[in-house]
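Residue-level structural notes
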Amino acid sequence: MTRRALVVEQPGAIAVVEREELRPGPGEVVARPAYCGLCGTDLDLLGGNVDAAFVRYPLTLGHEWSGRIEAVGEGVTGIEPGQRCVAEGIIPCGVCASCLAGATNVCEIYDEVGFTREGGAGDQILVPARVVHAIDDSVPLLDAAIVEPSAVVLTGLEKVRPEPGMRVLVVGDGTIALLAVLLVGLWSPVELVVAGRRAEQEELARELGATGFTLGPPPVGFDLAIEAAGATDAVAVALGAVRRGGTVLQLGLPPAGSTLQLPGDLLVNNDLTLAASFGYTSAAWARVVSLLNAGTFRPGRIVTHTYGLDEFERALAELAEPTGRRGKIMLEVTGG
Ligand SMILES: [Zn+2]
Ligand SMILES: [Zn+2]
């Protein structure tokens, strides 16, 4: 028996290939992905634009998947075949100082599905059982496939500890920005403005909770600005839009090797806090899953495009050049 996998053999070369079936070793599980989201990072992986320390080619794409357990290895307890699930993409070692402090996102051993180990854009994925999170039967697997980017956003938000009643600006209008709108809403901001790049995104942003949308330079005086554009100029825009004493959270990842330009005296004169966040912690992942299972968080509504695994070229083209209203791009791998 073989399985399909969407593989980047080397930068620029991508195809659906047949691979030998996976079998779980001790402490491992094999899952069958139902859905697998694609994001800008997948384009960077295809283009060879990710720092070499975080990539191993050939790589099977897919760090945003949901599915069902297919087989469990020796010694795995509490997880049965058929269980609906997601699994943390960053596999923490569990024993280094960062892991012991709960900062599993900066584990000393970097290992991540879709980057250094096989991802979920295919018929099977193998992960350690300890990173699996159970999804209730009431939760659509389409929503569950958005746990990964949601955990990225939540990890950053928890770092800057928003407070109820804040004035918040989100810079960017892509998926991370839209999820930031949805998730910062948990802290009931009094104002939530999106500084976008494409007018087509306004409706989607407002549906998710934005109270304003601007294409030009944003207004100023925000308590918190969330940079979610991943462009070098977006950090400066965010820093210029917060009040004195305000906070900027950088979630977007500018291209490797790029340089940020900021007025040298800006941070001090305005008493600013600039925080950045990498990936997600296991704790943030667990909190997103519990919000999902409780029915209070339904991020599936940000999905605007769904393609079959064999339609990956169309999916990647839409990802590279958005046309019209564009939220999350999802591969329906084996279906929900
Ligand atoms: Zn992603
Ligand atoms: Zn560790």
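The structure this text deals with has already been given above.
So, a few notes on the structure that sits alongside this text.

Looking only at helices and strands, one finds 10 helices and 16 strands in the chain. Here the C-alpha atoms of the chain give a radius of gyration of 20 Å, agreeing with the 20 Å that 2.2 N^0.38 yields for 336 residues. Principal-axis analysis of the C-alpha atoms gives the chain an extent of 60 × 40 × 40 Å. Contacts in the chain between residues far apart in sequence, at least 24 positions, make up 71% of those at least 6 positions apart. In the chain, 25 side chains carry a positive charge and 41 a negative one; their mean positions are 3 Å apart.

For a regular strand, side chains alternate in direction, first toward one face of the sheet and then toward the other. Of all five residues making up strand S9 (residues 167-171), four are buried, and the element is well covered by its neighbours. Where S9 lies against strand S10 (residues 191-195), five bridges are found, and the strand directions are parallel. Its bridge partner lying in S10, Val168 is registered against Leu192. Here four bridges tie S9 to strand S12 (residues 222-227), and the two strands are oriented parallel to one another. Following the sheet pairing, Val171 is matched in S12 by Glu227.

In this section: the coordination of the zinc ion (ligand 1). Coordination of the zinc ion (ligand 1) by the protein comes from Cys39 (SG), His63 (NE2) and Glu64 (OE), over a distance range of 2.1 to 2.2 Å. One chain supplies every donor for the zinc ion (ligand 1), spaced along it as C-x23-H-E. Linking Cys39 in the loop between strand S3 (28-38) and helix H1 (40-47) with Glu64 in the loop between strand S4 (59-60) and strand S5 (65-72), this pair joins segments that are 25 residues apart in sequence. The pair formed by Cys39 and Glu64 is uniform in burial state, with each residue classed as buried.

Taken together, Cys93 (SG), Cys96 (SG), Cys99 (SG) and Cys107 (SG) make up the full set of protein donors to the zinc ion (ligand 2), lying 2.3 to 2.4 Å away. For the zinc ion (ligand 2), the four donor atoms in the first shell make angles of 101 to 118 degrees at the metal, so the coordination geometry reads as tetrahedral. The motif formed by the donor residues of the zinc ion (ligand 2), counted along the single chain, is C-x2-C-x2-C-x7-C. For Cys93, a relative accessible area of 23% translates into the label partly exposed. Owing to a relative accessible area of 9%, Cys99 belongs among the buried residues under this scheme.

The residue Leu182 is located in helix H5 (residues 175-184) in this model. C-alpha of Leu182 to C-alpha of Leu267: the two residues are 85 residues apart in sequence and 28 Å apart in space. Once residues within four sequence positions are removed from consideration, Leu182 is found in contact with Leu208, Phe297, Pro299 and Arg301.

Attention now goes to the sheet that holds strand S2 (residues 13-20). With antiparallel pairing, three strands are arranged side by side in an open sheet as S2-S1-S4. The sheet is open, and its two borders are formed by S2 and S4, each paired with just one other strand. Here eight bridges tie strand S1 (residues 2-10) to S2, and the two strands are oriented antiparallel to one another. For Val7, the partnering residue across the bridge sits in S2 and is Ala15.

Glancing now at helix H9 (residues 282-293). Each full turn of the α-helix corresponds to 3.6 residues, which orients residues three or four apart in the same direction. In a regular helix each residue adds 1.5 Å, so 12 residues correspond to 16 Å; H9 covers 16 Å between its end C-alpha atoms and thus fits that length. The inward-facing, buried residues of H9 contact strand S6 (84-87), strand S8 (132-134), helix H3 (141-144) and helix H4 (147-160). Gly295 occupies a position one or two residues after H9 and carries a positive phi of about 80 degrees.

Of note, Arg198 is situated in the loop between S10 and helix H6 (202-207). Salt bridges are absent for the buried Arg198, whose nearest opposite-charge side chain, Glu200, sits at 4.1 Å. One polar contact links the side chain of Arg198 to the main-chain carbonyl oxygen of Gly324, over a distance of 2.4 Å. Those residues within four positions of Arg198 in sequence are excluded, and the remaining contacts are Asp173, Phe213, Leu215, Pro322, Thr323, Gly324 and Arg326.

This part is about the packing of H1 against helix H10 (residues 312-320). Here H1 crosses H10 at 105 degrees, and the two axes come no closer than 10 Å. Taken together, H1 and H10 sit at an angle that is classed as roughly perpendicular. Contacts between H1 and H10 involve Gly40, Leu43 and Leu46 on the former and, on the latter, Leu316, Leu319 and Ala320. Each residue belonging to the contact of H1 with H10 can be placed in one class, and the counts come to five nonpolar, one polar and no charged.

Criteria and thresholds
- Residues numbered from 1 in each chain as written.
- Chains lettered and ligands numbered in written order.
- Predicted model: local features only at pLDDT ≥ 70, side-chain atom pairs only at ≥ 80, totals over all residues.
- Heavy atoms only, no water.
- Helix = DSSP H or I, 4+ residues; strand = E, 2+ residues; numbered from the N terminus.
- Rg over C-alpha atoms; globule rule 2.2 N^0.38 Å.
- Contact = heavy atoms within 4.5 Å.
- Lys, Arg positive; Asp, Glu negative; His and termini not counted.
- Charge placed at Lys NZ, Arg CZ, Asp CG, Glu CD.
- Buried < 20%, exposed > 50% of the residue type's maximum accessible area, 1.4 Å probe, protein only.
- Pairing = 2+ DSSP bridges.
- Donors = N, O, S within 2.8 Å, 3.2 Å for Na, K, Ca; no water.
- Tetrahedral: all angles 85-135°; square planar, octahedral: opposite > 155°, others 65-115°.
- Expected span 1.5 Å × (residues − 1).
- Salt bridge = Lys/Arg side-chain N within 4 Å of Asp/Glu carboxyl O.
- Polar contact = N/O pair within 3.5 Å; in protein donor to acceptor, adjacent residues only side chain to side chain.
- Axes fitted to C-alpha atoms, helices over the stretch in contact; angles between N-to-C directions.
- Parallel < 35°, antiparallel > 145°, perpendicular 65-115°, else oblique.
- Nonpolar A, V, L, I, M, F, W, Y, C, P; charged D, E, K, R; others polar.

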